[in-house]
Structure formats: C-alpha cells, structure tokens
Amino acid sequence: MQEIKERIKRCWPGEILWDCRLANFSTLRVGGPADALIQPGDKASMIRLIGRLHEERIPWHVIGRGSNIVVADRGVDGVVIVLGRAFSAIHELETSEGHCISVEAGCSLARLLHFCSVHSLSGLEFVTGIPGSVGGAIMMNAGAWGGEISQALLSVELLDNVGNIEKRSLHADDFCYRGWQRPHGKIVISGQFLLHHDQESAIRARCQRYARLRAAKQPKGVANAGSFFRNPPGDAAGRLIEQAGLKGLRVGDAEVSSVHANFLVNRGKANAEDLRKLMYLVQNQVENQFGVHLHPEVLFLGRWEEQQ
Ligand SMILES: Cc1cc2nc3c(=O)[nH]c(=O)nc-3n(C[C@H](O)[C@H](O)[C@H](O)COP(=O)(O)OP(=O)(O)OC[C@H]3O[C@@H](n4cnc5c(N)ncnc54)[C@H](O)[C@@H]3O)c2cc1C
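Residues numbered from 1 in each chain as written. Predicted model: local features only at pLDDT ≥ 70, side-chain atom pairs only at ≥ 80, totals over all residues. Heavy atoms only, no water.

Caption draft 1: Here's a closer look at the domain arrangement of the protein. Partitioning the protein into domains gives domain 1 (2–85), domain 2 (87–217) and domain 3 (237–301). Between domain 1 and domain 3, the C-alpha centre-to-centre distance is 29 Å. Contacts between the two partners involve 12 residues from domain 1 and, on the opposite side, 12 residues from domain 3. For the pair domain 1 and domain 3, the summed buried area comes to about 1100 Å², and 62% of that belongs to carbon and sulfur atoms. Contact with domain 3 buries area across many residues of domain 1, yet Leu 28, Asn 68 and Val 70 alone supply 50% of it, more than any other trio. Summed over the shared surface of domain 1 and domain 3, the result is zero salt bridges. The tally of links between domain 1 and domain 3 comes to eight residue pairs in polar contact (both at pLDDT 80 or more). Broken down by element, the side of domain 1 that touches domain 3 gets its largest block of residues, three residues, from strand β4 (residues 69–71). (Domains from an automatic or database assignment. Contact = heavy atoms within 4.5 Å. Buried area = accessible area lost by both parts, 1.4 Å probe. Salt bridge = Lys/Arg side-chain N within 4 Å of Asp/Glu carboxyl O. Polar contact = N/O pair within 3.5 Å; in protein donor to acceptor, adjacent residues only side chain to side chain. Helix = DSSP H or I, 4+ residues; strand = E, 2+ residues; numbered from the N terminus.)

Here you go:
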C-alpha cells in the first residue's frame, strides 16, 4: 500500500486525500475508501495528472457529483479524480449556428441553469433538480420530462488516458436512453451546447414548474441516487416495483422508497451491500411477477464481492 502511495505522490504535487471515504462523495452516502482522491482545478493540471498516472500504471476513475454511482464497501483501487467546482467555467462561443456555450465538466447542472436563465438562454430547463455535474450528465445522457442532455449537445472535449485532447462532434442519434457509445477510458473535459434565446422570466417559470413536479414525486431528505433502474421499453420501473408490492421493502437501512418505488434510499446506516441485496430482491420479485428484468441505471464502482 505504501508503495502505491509513493507512486501517486510522484504524479501530483498538489493536495491528495488519502484513504478517502467515498461515501462522502456519493449522494447515496455509501462506499469505502479510494487509495487517493485528487481534485484538479483546471485542464492543464488534469492533462499532466492523467499522463503521469498512465506512466506509473496507476488505475484511476473519474466522478462528478456522485449522484449516479454505488461505491463498493471495500472501496476503489487507485486514484479517484473528482471534477468539482474548480472545474466549472462557462464561456459563450462565437458561432454561426446560434447561441453556443462551452461548459467545463465539473460545473453543476444547477450553476449551468442559473447561467442560462441570467443570460436568457433556453433549452436545458428540464435538468432542474438533477444534482449532477455536466460531465456526469453527458456520460449518462441525463434527462427528464421528455428532454435529454444530448438534444442540446453539439460536441465534447475528451481527454484520453495518455493526455491527448480530442474534440468530438455529436448528434442526437449518437445517444440512447441514459447512454451513448461512452468513450471508454476517456474523460469529458467540457461540453458545447446549442441553446436559443428566450425571456429570463419564461425560463425561470419553466424551471420552477419542473422543480414543483419533482418535489411532488420524489423522496426528500433521504440519501438516494435518483432512479435506480432504467425504465424497460414502454413501461416504468417504478410502476412495476409498486405493482409488485415492494414499496417499503428493506435490507438493513436500504429501502424501496414509499414515495417513488424506483428510488432505493439509504435511511441512514445502509452500506453498499445492503443496497445491492435490495436491488437483487427487487429484480427477482419483478421478474417473477411480470417477466421483466430491470437493469440498473446507477453505475457500480469499486471492489465488489462476487454475487452470492
Ligand atoms: C435526487 C436525484 C434525482 C435525479 N434525477 C435524475 C433525472 O431526472 N434524470 C437523470 O438522468 N438522472 C437523474 N439523477 C441521476 C444523476 O443525477 C445523473 O445521472 C447525473 O447526470 C450524474 O452526474 P454526476 O456528476 O453526479 O455523475 P457521477 O455519479 O459522479 O458519475 C456518473 C458516471 O459518469 C462518469 N463521469 C462523471 N463525470 C465524468 C467526466 N467528466 N468524464 C468521464 N466520465 C465521467 C462516472 O465515472 C460515472 O461512470 C438523479 C439523482 C438524484 C440523486
């Protein structure tokens, strides 16, 4: 263990959080430690870091706001890179195509929405209340109320694992429901969005409407990762779980929310294994009753034990 830490130190001159509990970086509040956690503040330092980690053959993973991940209780090998607030610049771009902005991947969706409404830019209001970063939203093709991030996305800047940057143009049909041909082993550095002008008051009104809809449908004040399962084609995972009578089902402190059945929540002391066991129970019951297999929308990160 000491040896890997010495090698990590050689890769990064700045602050390193050692054996950092990832529960603190995940909205589900579960997960063991990463050997090291690093939060680069800009593109140049990120490029240097990735290049050095590659040379030292140290595994790394990138996360944003941790709102769509379940981290294993045994933690994660190597370095977890968090793209946070220091990596959240927004620039307006000159373009013939319309009103275009470039947004760094660590920018929160809330900050992006605030920028859009102040600058009278419309097209992303549907992300109101999604607690992720721009990088995470692009990787997940986050969406709500019929909108998806890909609809406004023109291009992304990607960093590969040897430190090269590529700008990739994208089209809505490159994406699918909560996904796309995710570039394996690459980091989203920024996304370029095409938006249109509207009045600030109209944009704010739409955001407020979406916030009210969300507040009425989703659990509040309890740790979760949003919808736990993808909706199967033509149906809703929440409807199937509720029809199966599973609202309120618990494993330890992990519970199927009684407000919205597609939310698996942490009532306080759940660990990642409790959540995984609850997930299997839900999958089995729904499959037995309706013949539908529910696939998780959340992503599992770290050192998991084999399924028993
Ligand atoms: C209360 C609540 C409500 C939610 N509602 C919705 C909703 O309505 N619609 C919806 O789609 N989602 C929803 N989510 C899920 C989640 O917020 C979104 O998927 C969000 O976009 C994830 O962003 P993140 O920064 O938290 O990503 P993370 O959870 O940190 O990461 C998600 C994945 O993206 C990868 N990743 C993150 N950043 C980068 C990057 N810069 N480069 C490469 N890979 C990266 C990570 O490795 C991981 O695989 C909700 C979650 C919560 C807690």
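Caption draft 2: Representation of the side chain of Arg 178. You can see Arg 178 is positioned in the loop between β13 (175–176) and β14 (179–180). Separated by 3.4 Å, the side chains of Arg 178 and Glu 297 make a polar contact. With residues up to four places along the chain from it excluded, the contact list for Arg 178 reads Met 140, Asn 141, Ala 142, Gly 143, Ala 144, Glu 148, Arg 230 and Glu 297.

Caption draft 3: Representation of the site of the ligand within the structure. Around the ligand, 32 residues are found, and the nearest of them are Val 62, Gly 64, Ser 67, Ser 133 and Gly 143. Taking Val 62, its main chain carries an N or O atom lying 2.6 Å from an oxygen atom of the ligand. One of the side-chain nitrogen or oxygen atoms of Arg 178 is found 3.2 Å away from an oxygen atom of the ligand. For the shell around the ligand, the secondary structure elements donating two or more residues are β3 (60–63), α4 (134–140), β9 (143–144) and β15 (187–197). When residues in the shell around the ligand are grouped by element, the largest group, five residues, is from α4. Of the residues that constitute the shell around the ligand, the class distribution is 16 nonpolar, 12 polar and four charged. Formed jointly, the shell around the ligand draws a minimum of three residues from each of two domains, domain 1 (2–85) and domain 2 (87–217). (Near = heavy atom within 4 Å. Nonpolar A, V, L, I, M, F, W, Y, C, P; charged D, E, K, R; others polar.)

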